[in-house]
Amino acid sequence: MRRVVFNQKGGVGKSSIACNLAAVSAAAGYRTLLVDLDSQANSTHYLSGFCGEDIPLGIADFFKQVLTGGVGKRPKVKVIETPFANLDLVTASAELADLQPKLEAKHKITRLRRLLDELGGDYERIYMDTPPALNFYTVSALIAADRVLIPFDCDSFSRQALYALLAELDEMREDHNEHLRVEGIVVNQFLPQAALPQRMLDELIAESLPVLPVYLGSSVKMRESHQACTPLIHLEPKHRLTRQFVALHDLLESAD
């Protein structure tokens, strides 16, 4: 199962959701891989502690091989172990931004899917974190994925962007990946005492949009988790937000 976490709007918790779901998956016993495709490398830092020039070779090196390799040469990717059992990582780095126009010019949009086909025998679950834009890396991930999760933070700007995103995903399915399915809209930073978020969610549900029934709350514990480079399932396994991530993971697994 390959899941991509994507929204074109930044600041909706995309990396936090991808990393914490992957960590819960690994803690549940699944051999899990997270592929970071965002040049900001937030997921890479979160799961490994590496940043800047210290980041080990990862997906950028793979795409450089794609650009320079000759006929018959198969690009390889370096997978690193995280400190957490069953959870491996393909790192991102700032170099991805420089590589993007070259990859677009050479139409290398299906190479990530081929790579994940090769890695599929080693992992039961693969999560992909993407940039907050419909660019080369995001399209590559959507072509390679089985499912897409859409983080949503309950404001009016997110709502308008959500409609546009769902239309783009329909087009992506028709043109590139007929098996891609929107697994659900993940409500993040939810404030249960506030009337506006609940009213907005009620309206989205009334429109038959696939809002997942587990809402992720807002908590300072997430920021502490980022600073500690430790997903919540390992930092505070009994915390309310951790339990919400576990419930979300279990909901997704039960639906398969």
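Criteria and cut-off values
As a convention, each chain's residues are numbered from 1 in the sequence order in which they are written. Restriction of local features to residues with pLDDT of at least 70 applies here, the model being predicted, together with a cutoff of 80 or more for giving and counting side-chain atom pairs; totals for whole chains, interfaces and linings are based on all residues. For the side-chain quantities, the full set of heavy atoms in the structure was used; hydrogens and water were omitted. Whenever a carboxyl oxygen of Asp or Glu lies within 4 Å of a side-chain nitrogen of Lys or Arg, that contact is scored as a salt bridge. Runs of E in the DSSP output that reach at least two residues are strands. Runs of H or I that reach at least four are helices, and both are numbered from the N terminus. Only protein chains enter the accessibility calculation, which uses a 1.4 Å probe; a residue is then buried when its area is under 20% of its type maximum, exposed when over 50%, and partly exposed in between. Ring pairs shown here join Phe, Tyr and Trp side chains whose ring centres sit within 6.5 Å, with only the six-membered ring taken for Trp; geometry is labelled stacked below 30 degrees between planes, edge-to-face above 60, and tilted in between. The rule is short: NZ of Lys or CZ of Arg within 6 Å of the ring centre and within 35 degrees of the ring normal puts a charge over the ring. What the arc describes is the spread of directions from the helix axis to the C-beta atoms. Any pair of residues with heavy atoms lying within 4.5 Å of one another is described as a contacting pair. In short, DSSP must find at least two bridges between two strands for them to pair. Angles here are taken between N-to-C directions and fall from 0 to 180 degrees, while the axes themselves are lines fitted to C-alpha atoms, restricted in helices to the stretch in contact. Throughout this description, a polar contact denotes any pair of N or O atoms lying within 3.5 Å of each other; where both atoms belong to protein, one of them has to be capable of donating a hydrogen while the other can accept it, and for residues adjacent in sequence the pair is counted only when both atoms sit in side chains. Note that the term roughly parallel is reserved for angles under 35 degrees, roughly antiparallel for angles over 145, roughly perpendicular for angles of 65 to 115, and oblique for everything else. The handedness criterion is simple: a crossing whose near helix is rotated anticlockwise from the far helix by less than a right angle is left-handed, and one whose near helix is rotated clockwise is right-handed. Charged residues are taken to be Asp, Glu, Lys and Arg, nonpolar residues to be Ala, Val, Leu, Ile, Met, Phe, Trp, Tyr, Cys and Pro, and polar residues to be all remaining types, Gly included.

Peer 1: Could you clarify how one ought to interpret the pattern of salt bridges in this entry?
Peer 2: Two side chains carrying opposite charge are able to pair once their charged atoms lie near each other. Inspection of the entire model under this criterion finds 15 salt bridges. When the shortest N-O distance is used, the salt bridge between D153 and K9 registers 3.4 Å. On the criterion of sequence distance, the pair formed by D153 in the loop between β6 (147–152) and α7 (156–175) and K9 in the loop between β1 (2–5) and α1 (14–27) is long-range, its members being 144 residues apart. According to the relative accessible area criterion, D153 is buried, its value standing at 16%. With relative accessibility at 23%, the residue K9 sits in the partly exposed group. Two residues, K221 and E224, come together in a salt bridge whose shortest N-O distance is 2.8 Å. With K221 and E224 both in helix α9 (residues 220–228), this residue pair falls three residues apart, about one helical turn. Exposure remark for K221: the relative accessible area of 15% places this residue in the buried category. One connected set of salt bridges, linked through shared partners, spans R3, R125, E183 and E253.

Peer 1: Whenever I open this one, the packing of aromatic side chains confuses me. Can you help?
Peer 2: The geometry of an aromatic ring pair comes down to the distance between the two centres and the angle between the two planes. Counted according to the given criterion, the structure contains five aromatic pairs. Ring centres 5.2 Å apart and planes at 65° place the aromatic pair F62 and F63 in the edge-to-face group. Stacked on the ring of Y30, the Lys or Arg R125 has its end atom at 4.3 Å from the ring centre.

Peer 1: Before we go on, may I ask you to explain the environment of G52 in this structure?
Peer 2: Residue placement: G52 occurs in the loop between α2 (42–48) and α3 (59–68). With relative accessibility at 56%, the residue G52 sits in the exposed group. Here the alpha-carbon distance between G52 and Q40, two residues twelve residues apart in the chain, equals 9.5 Å.

Peer 1: Please clarify how helix α5 (residues 111–119) should be interpreted in this entry.
Peer 2: Every α-helix winds through 3.6 residues per turn, so residues three or four apart in the chain are directed the same way. Taken residue by residue, α5 has R111, L112, L115, L116 and L119 as its buried positions. Along the axis of α5, the buried positions cluster into a sector of 135°, meaning they face one direction only. Turning to α5, the residues buried within the fold contact β1, β2 (32–36), α3, β5 (125–129) and α6 (136–144).

Peer 1: It is not clear to me how the sheet that holds β1 should be interpreted in this structure. Could you clarify?
Peer 2: Strands in a sheet are paired, the pairing made by backbone hydrogen bonds, and the direction either parallel or antiparallel. Pairing is mixed in the open sheet, where seven strands are placed in the order β3-β4-β2-β5-β1-β6-β7. Looking at the sheet topology across the chains shown, the edges are occupied by β3 (80–81) and β7 (181–187). Of the strands in this sheet, β1, β2, β4 (87–90), β5, β6 and β7 are in contact with α1, which crosses β5 at around 165°.

Peer 1: What's the story with the side chain of D129 in this structure? I'm lost.
Peer 2: You can see D129 is positioned in strand β5. A relative accessible area of 0% means that D129 is categorised as buried. Polar side-chain contacts of D129 include one of 2.6 Å to the side chain of S15. If sequence neighbours within four positions are ignored, D129 has contacts with V5, K14, S15, A18, V35, D36, L37, D38 and S43.

Peer 1: Would you take a moment to explain the packing of α5 against α6 for this structure?
Peer 2: When two helices pack together, their arrangement is given by the angle between the helix axes and by the axis-to-axis distance. Where α5 contacts α6, the axes come no closer than 8 Å and their chain directions differ by 45°. In terms of orientation, α5 and α6 fall into the oblique class. Helix-helix and strand crossings are classified by hand; for α5 and α6 the assignment is right-handed. Of α6, the residues touching α5 (which contributes L112, R113 and L116) are S140, A141, I143 and A144. Considered class by class, the residues forming the contact of α5 with α6 number five nonpolar, one polar and one charged.

Peer 1: It is not clear to me how the environment of A60 should be interpreted in this structure. Could you clarify?
Peer 2: You can see A60 is positioned in helix α3. Residue classification places A60 among the buried positions, given a relative accessible area of 4%. Spatially, the C-alpha atoms of A60 and K221 are 31 Å apart, while their sequence positions differ by 161 residues. Beyond its immediate chain neighbours, meaning those up to four positions away, A60 contacts S93, E95, L96 and L99.

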